[in-house]
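Listed below are the residues making up each chain.
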Amino acid sequence: MKSLPMGIKNKPLTKKSNKEICLSYLKKYEEKDLDSIEKMFSNDIVLRDWKIRVEDKENAINETRKNFNSADSIAIEVLSIYENQDTVAAELKITVDATEEHYVVDVITINTEGKIKSIRAYLGRGDD
């Protein structure tokens with residue numbers, strides 16, 4: 001077994017949970033950080049919501065860019081989150097430009113490499 005240079009400890013790599021990947025994606029979305037989001041998407045991602053359906057990373061990034069360009073600010077509040085083996089469902093309150101509120105459930109599937117394979121978004125309503 002090869003030894004590591006002095007001062008470097010051999011730490012086991014810990015894989016992020018699907019929930020952590022989802023929360024990281026939502027944070028990067030809120031920050032409108034397209035570069036980070038692109039790194040999180042698998043090449044064969046499918047993005048679907050109540051208006052559009054696109055396949056592959058380039059098209060998903062282009063749709064995300066359109067959303068970012070149409071909003072000055074995006075705030076995401078996670079109301080609840082559920083995780084199973086390869087999928088996370090997050091109930092969200094999304095506020096666009098501090099005035100437009102959307103209640104959405106994102107169903108996000110993660111592949112074995114820890115990349116987002118699909119995002120299915122469902123529009124709902126608040127309990128007001």
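Please refer to the structure placed before this passage.
The structure presented is a predicted model; accordingly, all values stated were derived computationally and were not measured.

1. Digging into the side chain of asparagine 111
Within the element layout of this structure, asparagine 111 appears in the loop between β5 (100-110) and β6 (116-123). Here asparagine 111 falls in the buried class, since its relative accessible area comes to 17%. Those residues within four positions of asparagine 111 in sequence are excluded, and the remaining contacts are Ser42 and Lys117.

2. A word on the pairing of strand β4 (residues 87-96)
Burial runs high along β4: seven of the ten residues are buried. Sheet topology places strand β3 (residues 74-83) next to β4; nine bridges connect them, and they run antiparallel. Bridge pairing in β4 links isoleucine 74 to valine 96. Two successive antiparallel strands, β3 and β4, enclose a turn made up of three residues. In terms of strand pairing, β4 meets β5 through ten bridges, oriented antiparallel. Paired with glutamate 91 across the bridge in β5 is valine 105. Joining the antiparallel neighbours β4 and β5 is a turn of three residues, in which aspartate 97 adopts a positive phi near 55 degrees.

Basis of the calculations
- Residues numbered from 1 in each chain as written.
- Predicted model: local features only at pLDDT ≥ 70, side-chain atom pairs only at ≥ 80, totals over all residues.
- Heavy atoms only, no water.
- Helix = DSSP H or I, 4+ residues; strand = E, 2+ residues; numbered from the N terminus.
- Buried < 20%, exposed > 50% of the residue type's maximum accessible area, 1.4 Å probe, protein only.
- Contact = heavy atoms within 4.5 Å.
- Pairing = 2+ DSSP bridges.

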